[in-house]
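# Structural overview for review
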Amino acid sequence: MAMAVISGDDIFSHVMIGCNDVATSAKFYDPVLGALGIRNLGPFGDWILYGRDKPAFLLTKPGNGQAPSSNGVTIGFAAATTAEVDAFYKAGLNNGGTDEGAAGPRSHLPGAYAAYLRDPGGNKICAYTFTE
């Protein structure tokens, strides 16, 4: 059996976020990340692993037992198309997320198209793609 390897495109090994309720967060992230082709790869102990081929994004309760906090942090997920960004945003709103910036063009980068959400635990996430 091959050992699980986490990958952050040779920049990060992974991104892990804390959540109050792992099951509730997984119900949110399954369709939201699924819109981008990122799958729930299953549990690993108390963690839930997400990725395409290997884990890169992990959910868990904070190891120190304190409340999770992500104030000032945004995790950006790569989308292949504007339709994926739209699907990410819609899935988030339909699964317990809240709006932090509707899907659409962003003026700060040429061709940028993005959507921003807060997950059920208050973490800020976005999906980005670039158009011609």
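Above: the structure in question.
Residues numbered from 1 in each chain as written. Predicted model: local features only at pLDDT ≥ 70, side-chain atom pairs only at ≥ 80, totals over all residues. Heavy atoms only, no water.

## Considering the pattern of salt bridges
Between side chains of opposite charge, a pair can form when the charged atoms approach closely. Here is the rule we go by: Just to be clear on terms, a salt bridge is a Lys or Arg side-chain nitrogen sitting within 4 Å of an Asp or Glu carboxyl oxygen. To qualify as a helix, a DSSP run of H or I must reach at least 4 residues; to qualify as a strand, a run of E must reach at least 2; elements of each kind are numbered from the N terminus. Each residue's exposure class comes from its accessible area (1.4 Å probe, protein chains only) as a fraction of the maximum for that residue type: buried when under 20%, exposed when over 50%, partly exposed otherwise.
Evaluated as defined, the whole model comprises one salt bridge. The closest approach of N and O atoms between Glu 100 and Arg 118, which form a salt bridge, is 3.3 Å. Here Glu 100 is found in strand β6 (residues 98–105), whereas its partner Arg 118 is found in strand β7 (residues 112–118), with 18 residues between them in sequence. Exposure remark for Glu 100: the relative accessible area of 36% places this residue in the partly exposed category.

## Some points on the sheet that holds strand β8 (residues 124–130)
What counts, and what does not: When DSSP finds two or more bridges between two strands, those strands count as paired. Note on geometry: axes are C-alpha line fits, over the in-contact stretch for helices, and angles between N-to-C directions span 0 to 180 degrees. Two residues form a contact once any of their heavy atoms are found within 4.5 Å.
The strand order β5-β8-β7-β6 describes an open sheet built from four strands, whose pairing is mixed. Both edges of this open sheet fall to β5 (74–78) and β6, since each of them pairs with a single strand only. Between one strand and the next, the sheet's axes are offset by a mean angle of 20°, whatever the strand orientation. Note that β7 and β8 share seven bridges and pair antiparallel. Bridging from a neighbouring strand, Arg 118 pairs with Lys 124 of β8. Along the sheet, helix α2 (residues 82–94) makes contact with β5, β6, β7 and β8, crossing β7 at roughly 15°.

## Side note on the nonpolar core
Put simply, the rule reads: Put simply, buried Ala, Val, Leu, Ile, Met, Phe, Trp, Tyr and Cys residues joined by side-chain atoms within 4.5 Å make one nonpolar core.
Counting residues in hydrophobic clusters, the biggest one holds 27 residues, and the most contacted among them are Tyr 29, Tyr 50, Phe 57, Leu 59, Phe 77, Phe 88 and Ile 125. Looking at which element gives the most residues to this core, the answer is helix α1 (residues 22–34), with six residues. Excluding residues that lie within four positions of it along the chain, Phe 77 makes contacts with Leu 33, Leu 36, Ile 38, Phe 57, Phe 88, Ile 125, Cys 126, Ala 127 and Tyr 128. In terms of nonpolar packing, the next biggest core, distinct from the first, is built from five residues, Ala 114, Tyr 116, Cys 126 and Tyr 128 among them.

## Some remarks on the pairing of β5
Burial along β5 is one-sided: the face carrying Ile 75 and Phe 77 is buried and the face carrying Thr 74, Gly 76 and Ala 78 is not. Sheet topology places β5 next to β8; five bridges connect them, and they run parallel. Bridge assignment links Ile 75 to a residue of β8, and that residue is Ile 125.

## Structural notes on α1
The condition that has to hold: Under the convention used throughout, the expected extent of a helix is 1.5 Å for every residue step, that is, one less than its residue count. Polar contact is the term for a pair of N or O atoms within 3.5 Å; when the atoms are in protein, one must be able to donate a hydrogen and the other to accept it, and sequence-neighboring residues count only if both atoms are side-chain atoms.
In this model, α1 (13 residues) spans 17 Å end to end at C-alpha, consistent with the 18 Å of a helix rising 1.5 Å per residue. Every buried residue of α1 is accounted for by Val 22, Ser 25, Ala 26, Phe 28, Tyr 29, Val 32 and Leu 33. A side-chain oxygen of the first residue of α1 lies 3.1 Å from the backbone nitrogen of Ala 23; this N-cap is Asp 21.

## Structural notes on the state of the cysteines
In protein chemistry, a disulfide is the covalent bond that joins the sulfur atoms of two cysteines. To keep it simple, the criterion reads: Throughout, disulfides are identified as pairs of cysteine sulfur atoms within 2.5 Å of each other.
According to the stated counting rule, one finds zero disulfides in the structure shown. The structure places no disulfide on Cys 19, whose sulfur is separated from the nearest cysteine sulfur, that of Cys 126, by 19 Å. The class of Cys 126 is buried, set by a relative accessible area of 4%.

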